[in-house]
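Commentary on secondary and tertiary structure
Listed below are the residues making up each chain.
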Amino acid sequence: MKDYDIIIAGAGASGVFMSYELTKIKNNAKVLMIDKGRELAERVCPISVSKVETCIKCNPCHIMNGYGGAGTLSDGKYNITTQFGGELHQYVGVDTAMDLMEYVDEVLCSMGGADAKLYSTANSDLKTTAIRSNLHLLDAKVRHLGTDRNVKILDEIYKYTKDRIDTLFGTTLTDVEILSDGRYLLRTDKGDEYTCTELVLAAGRSGSKWISSVCDKMGIAQEKNRVDIGVRVELPGVIFKHITDDVYESKIVYKTDKYNDMVRTFCMNPYGEVVAENTNGIITVNGHSYADPELKTENTNFALLVSNRFTEPFRDSNEYGESIARLSNMLGGGVLLQRFGDLVKGRRSSERRMEKCFTRPTLKATPGDLNLVIPRRQLDNIIEMIYALDKIAPGTANEDTLLYGVEVKFYNSKIEVDKNLETKIKNLYVLGDGSGVTRSLSQASASGVHVARIIAARYQ
């Protein structure tokens, strides 16, 4: 049995920045960070190196797990804002949340991100254009690093912390107990045991079920009522060029006429590529882009997501999202692909129809019919949003616009924590996207800095 002062369960954005801050601040704490994924150099998806054409369900998924978490290979986009990406400001205050995110940006720049452009939507003419079509552009500053530059920056952070922070990769935590003296006992799949005084759960979205199980065991209240379901849209980059050149990441929200539901754009990747990802054995879709001009494609992709909130008696919204994703996997063997023209005409996209498609897909997916997968209400909302976007970006509703399904954002249960992101159990913290408090790289990273500063003060 090995003893530590602090154990960080998860090496995602929040865990990485917590380890950075604990290294920077002078303190005597003995720290261990554990992740079920691999170290940075070993995080290679077989699809990306052309060994296979479709997801083979690596366990764990290299896209989702490992040093840097799901954010490592997902475009390196840091949105500095409290308007979306989580509710960290509701716990620490707006000014503190913004200061923490600005600090994260400074660290990223110091580690190799200074050349990455900082975009802003605050004074964009797009806001006026959008609102005329009942579309609402949210304010944010956006630092786009690109997947390639993001990996290099994370490598620099790891080099900075590796002599100070002990790390274990390829290790899954199987059990957590509270000992009689108030310390924590952790067991792993390798049969090892570790103890600590301060336990930080930072397992991210891929660790949502595990975090929930720990909280259930310890009687910590959780809210499990939200999941976002939608598609990833791919179209020629020139259609959104006037928008992406100006603001890069446009977070646009639309309230549908038919159902009065909210639909939003998410994770826009100019000249990027669509990718598959594996969440607990379920294949969903995502996207990213690179900083290197030679790696850019001719297409832009982004998600259209419909938010779903549930009331009693149903509580587990993630199970609902997983069931829809499983149906897509059942019909397509993974990700389904459909032309927008085929969708609105009520016919499936076949291999023959895809051969005539002018938009070339960047992800090999199975042509099919999303009408058989996504519930009617969500699909109606998505179709209405596409027509609304067509008013500010003519060509969005072209019949050769590609829709990949499904994209699901599994929101971790919102854990009951205080302003320090500490649960009712002393010295047990939940942060990052694993807490349900944050939903972005910037806010997750900021939460890691916040908790590191609080705990480090006890070991000085």
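In this report, the structure presented in the accompanying data block is examined. (Residues numbered from 1 in each chain as written. Predicted model: local features only at pLDDT ≥ 70, side-chain atom pairs only at ≥ 80, totals over all residues. Heavy atoms only, no water.)

Here's the deal with the sheet that holds strand 3 (residues 77–80)
For clarity, the threshold we go by: A pair of strands is considered paired only if DSSP assigns at least 2 bridges between the two. Helix and strand labels come from DSSP, where a helix needs a run of H or I of at least four residues and a strand needs a run of E of at least two; each type is numbered from the N terminus. Only the contacting stretch of a helix is used when fitting its axis, a line to C-alpha atoms as for every element, and angles between N-to-C directions run 0 to 180 degrees. Note on definitions: a residue-residue contact is assigned when non-hydrogen atoms from the two residues lie within 4.5 Å.
The three strands lie next to each other as 3-6-4, forming an open sheet whose pairing is antiparallel. This sheet does not close on itself; its edge strands, each paired only once, are strand 3 and strand 4 (118–120). Each adjacent strand pair in this sheet contributes to an overall mean axis angle of 25 degrees, direction not counted. Bridge analysis of strand 3 against strand 6 (residues 141–144) gives four bridges, and the strand direction is antiparallel. If you follow K77 over to strand 6, its bridge partner there is H144. In the packing of helix 3 (residues 94–113) onto the sheet, contacts are made with strand 3 and strand 6, and the angle to strand 3 comes to roughly 150 degrees.

Structural notes on the sheet that holds strand 20 (residues 402–410)
Ordered in space as 5-13-14-17-12-20-18-19, the eight strands form an open sheet in which the pairing is mixed. Edge positions in the open sheet fall to strand 5 (135–137) and strand 19 (366–367), since each of these has one partner strand only. The pairing of strand 18 (residues 336–339) with strand 20 spans four bridges and is classified as antiparallel. Bridge pairing in strand 20 links Q338 to L403. Each of strand 5, strand 12 (226–236), strand 13 (252–255), strand 14 (262–269), strand 17 (299–309) and strand 20 is contacted by helix 11 (residues 376–392), which is oriented at about 135 degrees to strand 17, the strand it contacts most.

Some details on the pairing of strand 8 (residues 173–178)
On any regular strand, side chains alternate: one points to one face of the sheet, the next to the other face. Pairing analysis gives five bridges linking strand 8 to strand 9 (residues 184–188), with the strands arranged antiparallel. By the bridge assignment, L173 is partnered in strand 9 with T188. The turn joining strand 8 and strand 9, which pair antiparallel and follow one another in sequence, is formed by five residues; a positive phi near 90 degrees is taken by G182.

Notes on the nonpolar core
So the rule is basically this: As used in this record, nonpolar core signifies buried Ala, Val, Leu, Ile, Met, Phe, Trp, Tyr and Cys residues forming a set joined through side-chain atoms within 4.5 Å. Here the term buried applies to any residue with accessible area under 20% of the maximum for its type, exposed to any over 50%, and partly exposed to those in between, with areas from a 1.4 Å probe on protein chains only.
Grouped together as the largest cluster of nonpolar side chains are 74 residues, with contacts concentrated most on I6, I7, M18, L22, Y67, Y184 and L199. Ignoring any residue separated from it by four or fewer positions in sequence, one finds I6 in contact with M18, L22, A29, K30, V31, L32, C196, E198, V200 and I455. Residues I243, V373, A388 and L389 belong to the second largest nonpolar core, which totals 42 residues.

Observations regarding the state of the cysteines
Basically, it comes down to this: Pairs of cysteine sulfur atoms within 2.5 Å are what we label disulfides.
What the rule picks out here adds up to zero disulfides. Residue C215 stays outside any disulfide, its sulfur separated by 15 Å from that of C196, the closest cysteine.

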